[in-house]
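Coordinates in review
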Amino acid sequence: MCRSIKTLRPPALPDEATEEDMRAAALQYVRKVSGFRAPAAHNREVFERAVDEVAEATRRLLDGIEVRGGAGAAPAGRRAPDAV
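The text that follows walks through the structure, step by step, so that each part is easy to find. (Residues numbered from 1 in each chain as written. Predicted model: local features only at pLDDT ≥ 70, side-chain atom pairs only at ≥ 80, totals over all residues. Heavy atoms only, no water.)

Attention now moves to the overall build of the protein. Of regular secondary structure, the protein possesses 2 helices and 0 strands. The proportion of buried residues among the 84 residues of the protein is 23%. By element, 54% of the accessible surface of the protein is carried by carbon and sulfur atoms, the whole surface being about 6100 Å². (Helix = DSSP H or I, 4+ residues; strand = E, 2+ residues; numbered from the N terminus. Buried < 20%, exposed > 50% of the residue type's maximum accessible area, 1.4 Å probe, protein only. Areas by Shrake-Rupley, 256 points an atom, 1.4 Å probe, with all protein chains shown as cover.)

In structure tokens:
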């Protein structure tokens, strides 16, 4: 299952990761950890909440991460240009 989670920061991803990219990665992570491809009805709410929380944590990580070194390396975060 987790083999479909891809790196979401440059240079592995040429453009910024979209909300859809982050949600797809979060879904794969929750599926792997829970052992369920799709939750039973009685687990659906907690499953979806976990996906939402992992996607939000992923967004915060990508917003704050900075790639250093290498030719032409630039910050990978999704911050506004004036945010430091």
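Having seen it, we continue.
Next up on the list: the pattern of salt bridges. A complete count under the given rule lists 8 salt bridges for this structure. Among the ionic pairs, Arg23 bridges to Glu48, the shortest N-O distance being 2.7 Å. Residue Arg23 is located in helix α1 (residues 19-34), and its partner Glu48 is located in helix α2 (residues 44-64); the two are separated by 25 residues in the primary sequence. Given a relative accessible area of 31%, Arg23 falls into the partly exposed group. The class of Glu48 is partly exposed, set by a relative accessible area of 32%. A salt bridge links Asp63 to Arg59; the nearest nitrogen and oxygen atoms lie 2.5 Å apart. With Asp63 and Arg59 both in helix α2 and 4 residues apart, the pair spans about one turn of that helix. (Salt bridge = Lys/Arg side-chain N within 4 Å of Asp/Glu carboxyl O.)

Under the 1.5 Å per step criterion, the end-to-end length of α2 is 30 Å for 21 residues, consistent within 8% with the ideal 30 Å. Contact partners of the buried residues in α2: α1. (Expected span 1.5 Å × (residues − 1). Contact = heavy atoms within 4.5 Å.)

Below, the discussion takes up a nonpolar patch on the surface. Together, Ile5, Tyr29 and Val33 line one region of the surface with nonpolar side chains, adding up to about 270 Å² of accessible area. Position of Ile5 among the secondary structure elements: in the segment before α1. A relative accessible area of 31% places Ile5 in the partly exposed class. (Patch = residues over 30% accessible without salt bridge, like charges linked within 9 Å, V, L, I, M, F, W, Y side chains within 5 Å.)

Turning to α1, a few remarks are in order. With 16 residues, α1 ought to run about 22 Å at 1.5 Å a step, and its terminal C-alpha atoms sit 22 Å apart, in line with that. Listed in full, the buried residues belonging to α1 are Asp21, Met22, Ala25, Ala26, Gln28, Val30 and Arg31. Buried residues along α1 sit against α2. Looking one or two residues past α1, Gly35 carries a phi angle of roughly 80°, positive in sign.

Geometry only, nothing functional implied.
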